[in-house]
Amino acid sequence: MINKVVESMRAALEGVQDGDTVMIGGFGGAGQPSALIDALIEQGARDLVIVNNNAGNGEAGLAALLKAKRVRKLLCSYPRQVDSHVFDGLYRRGEIELELIPQGNLAERIRAAGAGIGAFYTPTGFGTLLAQGKETRRIHDRDYVLEMPIHGDFALIMAEQADRWGNLTYRKTARNFGPIMAMAARVTVAQVRTVVPLGEIDPERVITPAVYVQRVIQVGEGA
Amino acid sequence: MKPIGWTRDAMAARIARDIPEGAVVNLGIGMPTLVANHLPVDREVLLHSENGVLGMGPAPADGDEDWDLINAGKQPVTLRNGGSFFHHADSFALMRGGHLDLCVLGAFQVSAQGDLANWHTGAPESIPAVGGAMDLATGAKRTVVMMEHLTKNGESKLVPQCTYPLTGIACVRRIYTDLAVIEINKEGPATVIEQVAGLTFKELQRLTAIELTRGLH
């Protein structure tokens, strides 16, 4: 019997190594897998490369992981926020590496990794600082930049419902990076609000099919 | 001396006038979000937000916030009937694949060629953040800018060449400022479509660091 539901955070994050690339879902607070981030701080892996749209808010979640000095490098599109003081301090002191990526390139590079694409050309960023040193090509009178996929060792995402096979539904704009990060990582761990019996999720409503999810942990009202 | 220009709400209302029913529109973070307040409720415009929502409605009433339903500025919003949700790669494919009729962006500078600078001042102490600005500028069918005509120091934000790092090259078609509505042309000077009352064309030209020509109105 397939059962991807794990009962402890230790089991959820089993195998995260120093130096791993960990994708973390969420756009601001929506879809941020807070319990998994707290567990990652507890787990203790260091020198992590983190992929997230932002660079943490306040003192909790991703900001707390940064503050604990576990992150060597951050790949994101929008680090600067009113309450991103933890990141701001690390960056200004040169204690963290930043790869700033236009948000559409970030999403598409993640998607490309999940879809087996070797690299792709996009017009976004052409002629800007963020395309410096990258291969370019003119195709049908338009200039493009070559962008590489971003693979993850782990993806930590937040979803609404799961079953024991790992089928996932999402809620509203909390979907954001979840489905594509799930495709791009070797091991995807989904923090979900509820686990329901197999067959209970309408197949038409499954957004991330079971194949992309390795572990499910229930956190929240149903737990 | 700085002339008295249109208010931000007047600028937003002017932009809203140019948005037809059925348009798929992305309003950038900051000043452009004001445009939504000036779209008549009976005009069906599909507002898109980069974080995976099409058919976005106004802010919820106090107490009705749902933090799983936010906009690009991470503020709570609502969904209109007919609205939909999708993941980030689909959302940016919508922006990058030419499916967005219009995007309205703020700007630090716009050049005579329509180059846009709006993501980074380039100052060494500043923390760069780009978000979806480059995708919008380059991907939308039509990119327009909403900005003050002059900087706080009274310098023209319309410039022969951008001195701040670029967001996109030759991507801006029209600029709505507090003093004028200006169309960028492929060749030749930019066309003034409208200007604020009480300001002569000559005065407007004096305040603007790119060459202007009078449009028909």
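Residues numbered from 1 in each chain as written. Chains lettered and ligands numbered in written order. Predicted model: local features only at pLDDT ≥ 70, side-chain atom pairs only at ≥ 80, totals over all residues.

Caption draft 1: Structural view of the overall build of chain B. Scanning chain B from terminus to terminus reveals 4 helices and 13 strands. A globule of 217 residues ought to have a C-alpha radius of gyration of about 17 Å, and chain B, at 17 Å, matches this closely. Dimensions of chain B, computed from C-alpha atoms along their principal axes, come out at roughly 50 × 40 × 30 Å. The contacts in chain B between residues at least 6 apart in sequence include a share of 62% that link residues at least 24 apart. (Helix = DSSP H or I, 4+ residues; strand = E, 2+ residues; numbered from the N terminus. Rg over C-alpha atoms; globule rule 2.2 N^0.38 Å. Contact = placed C-beta atoms within 7 Å.)

Caption draft 2: Looking closely at the overall build of chain A. Across its full length, chain A holds 6 helices and 11 strands. Relative to the globule expectation of 17 Å for 223 residues, the C-alpha radius of gyration of chain A, 18 Å, shows essentially globular dimensions. For chain A, the spread of C-alpha atoms along the three principal axes comes to 50 × 45 × 30 Å. Looking at chain A as a whole, 51% of its 223 residues are labelled buried. (Buried ≥ 20, exposed ≤ 12 C-beta atoms within 10 Å, placed from the backbone.)

Caption draft 3: Main features of the sheet that holds strand β9 (residues 158-159) of chain B. In space, the 3 strands of this open sheet follow the order β7-β6-β9 (chain B), with mixed pairing throughout. The strands lining the two open edges of the sheet, one partner per strand, are β7 (116-117) and β9 of chain B. (Pairing = 2+ DSSP bridges.)

Caption draft 4: Quick peek at the sheet that holds strand β6 (residues 136-139) of chain A. Residues and elements named next belong to chain A. Strand order in the open sheet formed by 3 strands is β5-β7-β6, with antiparallel pairing between adjacent strands. Every other strand in the sheet has two partners, leaving β5 (120-122) and β6 as the edge strands with one partner each. This sheet shows a mean twist of 40° between the axes of neighbouring strands, independent of strand direction. In this sheet, strand β7 (residues 142-147) lies alongside β5 in antiparallel orientation, the contact comprising 3 bridges. Following the sheet pairing, Phe-120 is matched in β7 by Glu-147. Running over the sheet, helix α5 (residues 103-115) touches β5 and β7 and is turned about 165° from β5. (Axes fitted to C-alpha atoms, helices over the stretch in contact; angles between N-to-C directions.)

Caption draft 5: Representation of the confidence of the model for chain B in the model. Per-residue confidence for chain B gives a mean pLDDT of 95; residues scoring 70 or more make up 98%. Listed scores for the predicted complex are pTM 0.96 and ipTM 0.96. (pLDDT = per-residue confidence, 0-100.)

Caption draft 6: Inspection of the nonpolar core at higher detail. Formed by 126 residues in total, the largest nonpolar core has its most connected members in Leu-156, Met-181 and Ala-184 of chain A together with Leu-116 and Val-145 of chain B. Leave out the neighbours within four places in its chain, and Val-145 of chain B touches Leu-105, Ala-107, Val-110, Leu-116, Val-172, Ile-175 and Tyr-176 of chain B. (Core = buried A, V, L, I, M, F, W, Y, C linked by C-beta atoms within 7 Å.)

Caption draft 7: Local environment of the environment of Glu-44 of chain B. Residue and element names in this part refer to chain B. Relative to the helices and strands, Glu-44 is located in the loop between β1 (24-27) and β2 (46-49). Here Glu-44 falls in the partly exposed class, since 13 other C-beta atoms lie within 10 Å of it. On a C-alpha basis, the gap between Glu-44 and Gly-55 in space is 9.2 Å, while along the polypeptide they are 11 residues apart. Excluding residues within four positions of it along the chain, Glu-44 makes contact with Glu-21 and Gly-22.

Caption draft 8: Main features of the interface of chain A and chain B. Taken together, the 36 residues of chain A in the interface contact 31 residues of chain B. For the side of chain A that touches chain B, the secondary structure elements donating two or more residues are α4 (85-92), α5 and α6 (178-184) of chain A. The greatest single-element share of the side of chain A that touches chain B, amounting to 5 residues, is contributed by α5 of chain A. Residue composition of the side of chain A that touches chain B, grouped by class: 16 nonpolar, 13 polar and 7 charged. (Nonpolar A, V, L, I, M, F, W, Y, C, P; charged D, E, K, R; others polar.)

Caption draft 9: Seen up close, the pairing of β7 of chain A. Residue and element names in this part refer to chain A. By the bridge criterion, 4 bridges tie β6 to β7 in an arrangement that is antiparallel. Within the sheet, the bridge partner assigned to Thr-136 lies in β7 and is Val-145. Between the antiparallel neighbours β6 and β7 lie 2 residues, among them His-140 with a positive phi of about 45°.

Caption draft 10: Fine view of α4 of chain A. All names here are of chain A. All of the buried residues along α4 are Val-86, Phe-87, Leu-90 and Tyr-91. Taken end-on, α4 shows its buried residues confined to a sector of 125°, consistent with a single buried face. Positive backbone phi, at 70°, marks Gly-94, one or two positions downstream of α4. (Arc of directions from axis to C-beta.)

Caption draft 11: Expanded view of helix α2 (residues 34-43) of chain A. Residue and element names in this part refer to chain A. Those residues of α2 not exposed but buried are Leu-36, Ile-37, Ala-39 and Leu-40. All buried residues of α2 project into a common sector of 160° when viewed along the axis, lining one side. Summarising the contacts, the buried residues of α2 are in contact with α1 (9-12), β1 (21-24), α3 (62-67), β8 (152-162) and β10 (185-195). Count one or two residues on from α2 and you reach Gly-44, which has phi positive near 100°.

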